[in-house]
Amino acid sequence: MAIDVRKLQSGGTYQAEGPLSSILNDIEQIGNFLRQIETQRRNFRKFSGVSMAAGLVLAVVASVLHINVLGFLAFLAFATGVIMYIYSFVYGRGMHTHHSRYDLLNELFQVLQRDADPRSSFSVKLALKPQPSQLSNEPWSDRKNGKQQFFEEDYLSIQGELLDGTVLSENLTELTRKRSFTNPRGKSKTKTRRRYMLALKFRYPSDVYADARPAHHALHEEIRVPPSAIVRETRVDEKAITVKSLVTAEMEIVPATTMTCLGAYRILNLARRARATGGAQ
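Keep in mind the model is a prediction, meaning the values are calculated, not measured.

Cut-offs used in this document
Along each chain, residue indices are assigned from 1 in the same order as the chain's sequence is written. The predicted origin of the model limits local features to residues at a pLDDT of at least 70 and limits the giving and counting of side-chain atom pairs to 80 or more, whereas totals for whole chains, interfaces and linings rest on all residues. Side-chain measures were taken over the full set of non-hydrogen atoms in the model, leaving aside hydrogen atoms and water. Take a side-chain nitrogen of Lys or Arg and a carboxyl oxygen of Asp or Glu: if they are within 4 Å of each other, that pair is a salt bridge. The rule is simple: take the accessible area with a 1.4 Å probe, protein chains only, and divide by the maximum for that residue type; under 20% is buried, over 50% is exposed, in between is partly exposed. Think of each axis as a best-fit line through the C-alpha atoms, taken over the contacting stretch in the case of a helix, with angles from 0 to 180 degrees between the N-to-C directions. Helix numbering and strand numbering both begin at the N terminus, where a helix is a DSSP run of H or I of at least 4 residues and a strand a DSSP run of E of at least 2. Under this scheme an angle from 65 to 115 degrees is roughly perpendicular, one under 35 degrees roughly parallel, and one over 145 degrees roughly antiparallel; angles in between are oblique. In this scheme the crossing of two helices becomes right-handed for a clockwise turn of the near helix relative to the far one and left-handed for an anticlockwise turn of less than a right angle. Whether two residues are in contact is decided by their heavy atoms, any of which lying within 4.5 Å being enough. Each residue carries a pLDDT value, the predictor's own confidence for that position, ranging from 0 to 100. One less than the number of residues in a helix, times 1.5 Å, gives the span that helix is expected to have. Note that patches include only residues with greater than 30% relative accessible area and no salt bridge, and the join distances are 9 Å for like charges and 5 Å for nonpolar side chains (Val, Leu, Ile, Met, Phe, Trp, Tyr). Only the protein chains shown count as cover for residues, and all accessible areas are computed by the Shrake-Rupley method using a 1.4 Å probe.

## Points about the pattern of salt bridges
Inference 1: Scanning all chains against the criterion turns up 9 salt bridges.
Inference 2: The salt bridge partner of Arg213 is Asp211, with a shortest N-O separation of 2.6 Å.
Inference 3: Overall, Arg213 belongs to the partly exposed group, its relative accessible area being 33%.
Inference 4: Salt bridges linked by common partners bring Arg101, Glu153, Glu174 and Arg194 together as one network.

Structure below.
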């Protein structure tokens, strides 16, 4: 089924539930749609350049020949070119600015499809346009006229069943700090920093892994993530493994997800071997 691209562009949110194969097809359609937006933006700029150049040529001819009609057409062509140039930055701006969110979704599902049946049920929600919530707005005493604002946005969630029956849930929250101040030259400056809270939960089947807690204690080491990420919490109980990490760069989310999955399955694989032998190894 084709995605309603008008609804996607106006709302800026992709949300779906269905077989993994259907989700992958949707992701391909979204990618095509985003590429169409980029092409259209470039076309607007190309046509605006042609229109402005034509306006200048007509203006010169009108000036030489003293033809008022050509002068009016020159103004019209140049003005149209300027409007098209400005509109090229407005058209699809929300989707264009956060194209990386689509790239992230695509990369994550390229990883997930290796460990899930195409018929497995998945749900996904992705905000392609920013919809942050402001947490606080306070003075920043370190700089003149300093002010800092904090925002958060839960912009990506994925849930689906893997080949072994484990249900994987992934949630991503963007944490933004925006600081504004006046520098020594009297100019206003704004600096923005983004961090990402990555939460992964593995609800594993007890008939395959029994209780993973003894295996977790037996490993005597924390789950590893890339140097740009910090594991904030690891919780293992008789039903699930939950890992929360703070990632400093958006490009490191996929590696952090992959390494977290590997770490969780080290625990689960040890639990499965222990179950098979009747005790922890």
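## Quick word on the packing of helix H5 (residues 99-112) against helix H8 (residues 253-277)
Inference 1: Here H5 crosses H8 at 25°, and the two axes come no closer than 10 Å. It follows from the interaxial angle that H5 and H8 lie roughly parallel. Judged by the twist between their axes, the crossing of H5 over H8 is right-handed. Where H5 approaches H8, its residues Leu104, Glu107, Leu108 and Val111 are matched on the opposing element by Ile253, Val254, Thr257 and Thr258.

## Quick look at the confidence of the model for the chain
Inference 1: When pLDDT is averaged across the chain, the result is 88; 96% of the residues are at 70 or more.
Inference 2: Helix H4 (residues 93-97) is the least confidently modelled element of the chain, averaging 69 in pLDDT, while strand E8 (residues 240-247) averages 96, the highest of any element.

## With respect to H5
Inference 1: Spanning 14 residues, H5 covers 20 Å between terminal C-alpha atoms, matching the ideal 20 Å at 1.5 Å per step.
Inference 2: Summarising the contacts, the buried residues of H5 are in contact with strand E1 (13-19), helix H2 (20-65), strand E2 (121-127), strand E4 (147-161), strand E5 (167-182) and H8.

## Topic: a nonpolar patch on the surface
Inference 1: Nonpolar side chains collect at one region of the surface, where Val57, Val60, Val61, Val64, Leu65, Ile67, Val69, Phe72, Leu73, Phe75 and Leu76 lie side by side and expose about 1000 Å² of accessible area between them.
Inference 2: Mapped by element, the contributors of at least two residues to the nonpolar patch are H2 and helix H3 (68-90).
Inference 3: Exposure remark for Ile67: the relative accessible area of 35% places this residue in the partly exposed category.

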